[in-house]
Amino acid sequence: MIRDFKAQIFCGETGLSRREIDTADPIWIERIDAYFRQSGILPPDGDPSEYAAAFEAVYPQPRHRRQYIDDAIAKGTPCFGHKVLSGLIAAGMTDCIFTTNFDPLVEDTTVTANARLPVADQVRPTVAAIDSADRAVRCLDESDWPLVAKLHGDYQSMAIKNTGLELEAQDERMRRVLVEAGKRYGMLFVGYSGRDASIMSALHAVLDGPSPFPNGLYWLASSATRLLPAVTAFLSRARDLGVDVAVVECATFDELAADIVKSVDLPAPLYNWVMEGRPTPRLVPVQIPNTEARLFPVLRYSALLIEQMPSTARRVKLTSAASTPEVRALLKEKKCRATIAAIGRELAVFGRDREVLDALSPLGASLAGEVALDPAKDSWALGLLYDALVRALARRHPLIPRYKRAGHSLDIAAPRDRDDPGRIRRDAQTLRTLQEAYGSPLTGKVPKLDFPFQEGITIKLEQFDNRWWCGFEPYTFIQFPRTNASDKVTSDEPVNGDPTGARVKRGGDPAGDWRRERWAQRYNKNWAKIIDAWAQLLTEEREPARAVGLEHGAGIDAVFELSRYTGWSRAGHQHAYFERSR
């Protein structure tokens, strides 16, 4: 209901049609929530008064609120939990139910449950709402159970509590019934938020008397961490007074009902009726195929096994504190090709020791032995190896390394006019297999737009099954000029491994159609050739990949040895699906 109210207010304020809004879509939910966080029209998300304020903002008149509730209830059907609860009532195992809901599902389902029993054994509950609270008082005084008490009113009541003012005070007669029941029995709170000050006040009144909740107080919620402060304070006070308090985490009402029905002995007619309405189980027995699987792999991964990678780096101590960007700026200024990770006032470094010390002399740098690298445990070590891997793969290849928070990448270096002709020929020979796999230029300019593009791959350093892998995924990199002529050329980054390099940009992606068309016709065989060509390029050197290329004793280098073959997988069983011709 809160989501619906927010959507209606949002549409009214922004002029959007309600049909354009999908309150089940996380994107729309975040957009609407962000609007209310900025506007302040409603209390903050999760505030106890949020429901009442939103309901009253959309439907100021009580008759309109009753009509909304009536329309919503007309769509309601009993769930598995309702059937279990009604079975417990009909079996005489549940004496008193208090509910803040307006719907008649509990009492209607109990009628159906009673129909399964002989007339003499049927137990019919008394239903009392705000405008019929005398019934609840009589049931309490005469112990005439079972009772279903509607604390906020029944959907047919003239009085329904929804707004802030209506929820501030509870009807005195209904309040007395709730308080006295709490003094006589234990209570089980199922899915109640504790938003209503009037009800929480009545529960505190129970604690003011002698021996409150003599059979315990059990509060069920989807997560104990999401309880409102008012509920936490109430439970703490009850515990301090000696009440047996327990917070039970339970995902849904149906899950609770399923656990309860296992522990009680319902009469056979009721048990059979209840179990007819149980939800379809998510896990069902299946016949495991036992035919022999094909030996040939059916799925190729764009990932290379890292057979060896650095376990230590040089430890460098600094006498002056400096941030990672400051350290990198000093290294760049001195043209020192080193890869670093900051650990407080220490650095983990791959590079030439003398050059690093000279570049970082303003920070009082000194060598301090070596530091062990545990990328599975330390994020700084993973980041250091990530940077070093990209640098090592780009070295000695016509590739440009790009280091981004969103993900590192390697892009084909376009030939420049000032390059040596011999180098241009060598680079073309190196990229020949890749060129044939793509079947189109690896670099160039986007037709009609004149934006430079380069084919490339995103790089991921990932651990799986206690082994490290270099994952890569092809994409098309495009340089977009900024709107201001004085700004530098910017670039788009691939998002979520999208081979088109698609990224949401203000004003849209001007090269989006071209990129989509470029990748649309590349099916499995094309992908296999492209992946194979990249794997060959990254591993064609017989020697391991080195980030710096140091001679012995000059420092600590990042050395990576990659398998020449990508990862493969095959199915665990044979299936007709694998016999397809296409």
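Residues numbered from 1 in each chain as written. Predicted model: local features only at pLDDT ≥ 70, side-chain atom pairs only at ≥ 80, totals over all residues. Heavy atoms only, no water.

1. A short note on the overall build of the protein chain
Then, number 1: Along the protein chain, the regular secondary structure elements total 20 helices and 20 strands.
Then, number 2: Each of the 582 residues in the protein chain was classed as buried or not, and the buried ones make up 43%.
Then, number 3: Considering only contacts within the protein chain whose residues lie at least 6 apart along the sequence, 67% involve residues at least 24 apart.
Then, number 4: Summed over all atoms, the accessible surface of the protein chain reaches about 32,700 Å², with 50% contributed by carbon and sulfur. (Helix = DSSP H or I, 4+ residues; strand = E, 2+ residues; numbered from the N terminus. Buried < 20%, exposed > 50% of the residue type's maximum accessible area, 1.4 Å probe, protein only. Contact = heavy atoms within 4.5 Å. Areas by Shrake-Rupley, 256 points an atom, 1.4 Å probe, with all protein chains shown as cover.)

2. Focus: the sheet that holds strand S3 (residues 147-150)
Then, number 1: Taken in spatial order, the three strands make up an open sheet running S1-S3-S2, and their pairing is parallel. Each of the sheet's edge strands pairs with one partner strand only, and the pair in question is strand S1 (96-99) and strand S2 (126-128). Along the sheet, successive strands turn relative to each other by an average axial angle of 15 degrees, direction set aside.
Then, number 2: Bridging between S2 and S3 involves three bridges; their strand directions are parallel. Bridge pairing in S3 places Ala128 opposite Ala149. (Pairing = 2+ DSSP bridges. Axes fitted to C-alpha atoms, helices over the stretch in contact; angles between N-to-C directions.)

3. Remarks on the packing of aromatic side chains
Then, number 1: Applying the stated rule across the entire model yields 18 aromatic pairs.
Then, number 2: On the numbers, 5.1 Å between centres and 50 degrees between planes, the contact of Phe5 with Tyr68 is tilted. Taken as a pair, Phe5 in helix H1 (residues 2-14) and Tyr68 in helix H4 (residues 62-74) lie far apart in primary sequence, 63 residues in all.
Then, number 3: Under the relative-accessibility criterion, Phe5 is labelled buried at 0%.
Then, number 4: Seen in terms of ring centroids, Phe453 and Trp514 are 5.0 Å apart; in terms of plane orientation they differ by 55 degrees. Their pairing is tilted. Of the two residues, Phe453 is situated in strand S15 (residues 452-464) and Trp514 in helix H19 (residues 512-520); the sequence distance between them amounts to 61 residues.
Then, number 5: Taken together, the aromatic side chains of Phe189, Tyr192, Phe213, Trp219 and Phe234 make up a single cluster linked through ring pairs.
Then, number 6: Arg31 extends its terminal NZ or CZ atom over the ring of Trp28, reaching a point 4.5 Å from the ring centre. (Phe/Tyr/Trp six-rings, centres within 6.5 Å; stacked < 30°, edge-to-face > 60°. Lys NZ or Arg CZ within 6 Å of the ring centre and 35° of its normal.)

4. Quick look at the sheet that holds strand S4 (residues 187-190)
The pairing of strands in a sheet happens through backbone hydrogen bonds and is either parallel or antiparallel.
Then, number 1: Across the sheet, which stays open at both edges, the three strands sit in the order S4-S5-S6 with parallel pairing between neighbours. Looking at the sheet topology across the chains shown, the edges are occupied by S4 and strand S6 (245-249). Across the sheet, the mean angle separating the axes of adjacent strands is 15 degrees when strand polarity is ignored.
Then, number 2: Two elements, strand S5 (residues 217-221) and S6, share five bridges in a ladder whose sense is parallel. When the bridges of S6 are listed, Leu217 appears paired with Val245.

5. Here's the deal with the pairing of strand S13 (residues 408-412)
Then, number 1: Of all five residues that make up S13, five are buried, and the element is covered over most of its length.
Then, number 2: Alternating residues of S13 divide into His408, Leu410 and Ile412 and Ser409 and Asp411, and every residue in both groups is buried.
Then, number 3: Note: strand S12 (residues 399-402) against S13, four bridges, orientation antiparallel. In the sheet register, Pro401 faces S13, and the bridge partner there is Leu410.
Then, number 4: Between S12 and S13, which follow one another and run antiparallel, lie five residues, and Gly407 among them has a positive phi close to 140 degrees.
Then, number 5: Both S13 and S15 contribute to a ladder of four bridges, which runs antiparallel. Across the sheet, Asp411 pairs through a bridge with Gly456, a residue of S15.

6. What to know about the packing of helix H10 (residues 197-208) against helix H11 (residues 229-240)
Then, number 1: Between H10 and H11, whose axes approach to 10 Å, the crossing angle comes to 10 degrees. Taken together, H10 and H11 sit at an angle that is classed as roughly parallel. Contact residues: Met200, Leu203, His204, Leu207 and Asp208 in H10; Ala230, Val231, Phe234, Arg237 and Ala238 in H11. (Parallel < 35°, antiparallel > 145°, perpendicular 65-115°, else oblique.)

7. Observations regarding the environment of His152
Then, number 1: Among the structural elements, His152 can be located in the loop between S3 and helix H8 (164-168).
Then, number 2: Of the residues examined, His152 reaches a relative accessible area of 4% and is grouped as buried.
Then, number 3: The spatial distance from the C-alpha of His152 to the C-alpha of Met174 is 9.7 Å, given a sequence separation of 22 residues.

8. Side note on unusual backbone geometry
Then, number 1: Geometrically, the link from Trp145 to Pro146 is a cis peptide bond, its omega value of 5 degrees lying close to zero.
Then, number 2: On the secondary structure map, Pro146 appears in the loop between helix H7 (133-142) and S3.
Then, number 3: Phi at Phe213 takes a positive value of approximately 45 degrees, unusual for a residue other than glycine.
Then, number 4: Among the secondary structure elements, Phe213 is positioned in the loop between H10 and S5.

9. Observations regarding the pairing of strand S8 (residues 312-317)
Then, number 1: Where S8 and strand S11 (residues 366-372) come together, five bridges link them in antiparallel fashion. Within the sheet, the bridge partner assigned to Arg314 lies in S11 and is Glu370.
Then, number 2: Sheet topology places S8 next to strand S10 (residues 346-352); four bridges connect them, and they run antiparallel. Looking at S10, one finds that Arg314 is bridged to Val349.

10. Brief notes about the packing of helix H5 (residues 80-90) against helix H6 (residues 105-114)
Then, number 1: Where H5 contacts H6, the axes come no closer than 8 Å and their chain directions differ by 60 degrees. What the angle tells us is that H5 and H6 run oblique. For H5 against H6, the interelement crossing comes out right-handed. Across the interface between the two elements, His82, Lys83, Leu85, Ser86, Gly87, Ile89 and Ala90 of H5 pack against Leu105, Val106, Thr109, Thr110, Ala113 and Asn114 of H6.
Then, number 2: Residue composition of the contact of H5 with H6, by class: six nonpolar, six polar and one charged. (Left-handed = near helix turned anticlockwise from the far one by under 90°. Nonpolar A, V, L, I, M, F, W, Y, C, P; charged D, E, K, R; others polar.)

11. Observations concerning the confidence of the model for the protein chain
Reading fine detail from the predicted coordinates is not recommended where pLDDT is low.
Then, number 1: The predicted model of the protein chain has a mean per-residue pLDDT of 85, with 89% of residues at 70 or higher.
Then, number 2: By mean pLDDT, H8 is the weakest element of the protein chain at 48, and S8 is the strongest at 95.
Then, number 3: Contacts for the low-pLDDT stretch residues 493-497, under 50 throughout, to residues beyond four places or in other chains number eleven contacts.
Then, number 4: Taken together, the stretch residues 502-506 has pLDDT below 50 and engages in nine contacts with residues farther than four places along the chain or on a different chain. (pLDDT = per-residue confidence, 0-100.)

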